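Structure at a glance
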Amino acid sequence: MDHDFRLMPEQASSLAGEVDALYGFLLVVSGVISITIAGLIVFYAIKYRRGSPADRTVKQTHFLLMEVSWIVVPFLLTMVMFFWGARLYFHQTRPPSDAMEINCVARQWMWKFQQPQGKSETNELHVPLGQAVKVRLISEDVIHSFYVPAFRIKQDVLPGRYTHAWFRPTKPGIYHLFCAEYCGAKHSGMIGSVHVLEPRAYQAWLSGASQGLTTAEAGHELFVQLRCNSCHQGGGAASRGPALENLFGHEVKLADGSTLIADEAYLRESILKPVAKVVAGYQPIMPSYDGQIGEEGILQLIAEIRSLSKADQPQAEPEQPPPEEP
Ligand code: CUA
């Protein structure tokens, strides 16, 4: 990282240029309007100051063209801001379907990341250049905010609810990660770095680690350890709990007659508060696992359940080039 003086942070993601263009437009429009108004105030204050010989007779009471234009021009400008901003907002909040997914658990005062292949790191995040990355965020305590200025992304990290941020890094380097929500005494120390590596270097970094379990495999271990399989096995009428195969992303009928699509929020709620949404045909007998597993464990269990759903495979495990033989 260089230490030159900069007006703006580096542009290191596919969104950065778009955000800066909109920001520049807002700056120019507000600058022109502010300078014009301030300039006219000063000009007329001097021209019509007390005792000045300026002509004060009223010659014209209406000037239709001017009145119409000061309504129509600002209206058009603000509509441009609205549609441009909305378009960018939608782009920013919708990760592309080929995005690689990384889990992030925030707590006072650290960031814990887990790669799909299972490798985890604290306050550091390694990502491959050019690859869209979706970061799934959740907090174990208070509200934090995931902020990477060089990528022009900032997203609140909430306790009890998944949020996400996505970016496509366009420049190798090391970028600041900040917490942008006051979260206690060491909020200012809740910082980290995002390392954008060339795809080859990323693969080398990834395989350089101890060959641990993938997130889904760790979830499977937890699944067996918590004896989830004693109820959720095979499905069918004999099972005490609904089958988990092909559950993720599919429709679920609930006991109260309503239906929903099984997503991460639903799975998380069903692990922590099983009676909240009971599946039709089953009894509300599942115990709560609140307090028994942390957010990382819940994310691992969700990864395991997702891996049982064939339709979801490509998203759960991003395509990896075969590891190079030494
Ligand atoms: Cu976490 Cu501020």
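Cut-offs and rules
- Residues numbered from 1 in each chain as written.
- Predicted model: local features only at pLDDT ≥ 70, side-chain atom pairs only at ≥ 80, totals over all residues.
- Heavy atoms only, no water.
- Helix = DSSP H or I, 4+ residues; strand = E, 2+ residues; numbered from the N terminus.
- Rg over C-alpha atoms; globule rule 2.2 N^0.38 Å.
- Buried < 20%, exposed > 50% of the residue type's maximum accessible area, 1.4 Å probe, protein only.
- Contact = heavy atoms within 4.5 Å.
- Lys, Arg positive; Asp, Glu negative; His and termini not counted.
- Charge placed at Lys NZ, Arg CZ, Asp CG, Glu CD.
- Axes fitted to C-alpha atoms, helices over the stretch in contact; angles between N-to-C directions.
- Parallel < 35°, antiparallel > 145°, perpendicular 65-115°, else oblique.
- Left-handed = near helix turned anticlockwise from the far one by under 90°.
- Nonpolar A, V, L, I, M, F, W, Y, C, P; charged D, E, K, R; others polar.
- Domains from an automatic or database assignment.
- Buried area = accessible area lost by both parts, 1.4 Å probe.
- pLDDT = per-residue confidence, 0-100.

Scanning the protein chain from terminus to terminus reveals seven helices and twelve strands. Here the protein chain has a C-alpha radius of gyration of 27 Å; the compact-globule value for 326 residues is 20 Å, and the former is much larger. Principal-axis analysis of the C-alpha atoms places the extent of the protein chain at approximately 100 × 55 × 40 Å. Going through the 326 residues of the protein chain one by one, you find that 37% of them count as buried. For the protein chain, the proportion of contacts with a sequence separation of at least 24, taken over those separated by at least 6, is 66%. Across the protein chain, the 28 positively charged side chains and the 33 negatively charged ones have centroids separated by 10 Å.

Before going further, it helps to examine the packing of helix α1 (residues 16–47) against helix α2 (residues 64–93). Orientation of α1 relative to α2, taken along the N-to-C sense of each, is 160°, at an axis distance of 11 Å. When the axes of α1 and α2 are compared, the pair comes out roughly antiparallel. Our pair here, α1 against α2, has a crossing hand that is left-handed. Between α1 and α2, the residues in contact are Glu18, Val19, Ala21, Leu22, Phe25, Leu26 and Val29 and Leu77, Val80, Met81, Trp84, Gly85, Leu88, His91 and Gln92, respectively. In terms of residue class, the contact of α1 with α2 is built from eleven nonpolar, three polar and one charged.

For the rest of this paragraph, the subject is the packing of helix α4 (residues 215–225) against helix α6 (residues 295–307). One can describe the packing of α4 onto α6 by two numbers: an axis separation of 7 Å at closest approach and a directional angle of 100°. When the axis of α4 is compared with that of α6, the two are roughly perpendicular. Contacts between α4 and α6 involve Thr215, Ala216, Ala218, Gly219, His220, Leu222 and Phe223 on the former and, on the latter, Gly297, Leu299, Gln300, Leu301, Ala303, Glu304 and Ser307. Its residues assigned to classes, the contact of α4 with α6 comprises seven nonpolar, six polar and one charged.

To continue, consider the domain arrangement of the protein chain. Interface extent is often summarised as the accessible area lost during association of the parts. Each assigned domain of the protein chain is listed with its residue range as follows: domain 1 (8–52 + 95–212) and domain 2 (225–307). Each of domain 1 and domain 2 has a C-alpha centre, and the two are 33 Å apart. Across the contact, twelve residues belong to domain 1 and eleven residues belong to domain 2. Summing the contributions of domain 1 and of domain 2, the shared interface buries around 970 Å²; its carbon and sulfur component is 50%.

Now for the environment of Leu299. Take Leu299: it is sitting in helix α6. Note on Leu299: relative accessible area 4%, which makes it buried. Those residues within four positions of Leu299 in sequence are excluded, and the remaining contacts are Asn103, Val105, Arg136, Ile138, Tyr162 and Thr215.

With that out of the way, let us pick up the confidence of the model for the protein chain. Per-residue confidence for the protein chain averages 86 on the pLDDT scale, and 91% of its residues sit at or above 70. Per-element confidence in the protein chain ranges from a low mean pLDDT of 44 for helix α7 (residues 313–316) to a high of 96 for strand β6 (residues 144–148). Note on residues 312–326: pLDDT under 50 across the span, and 16 contacts to partners over four residues away in sequence or across chains.

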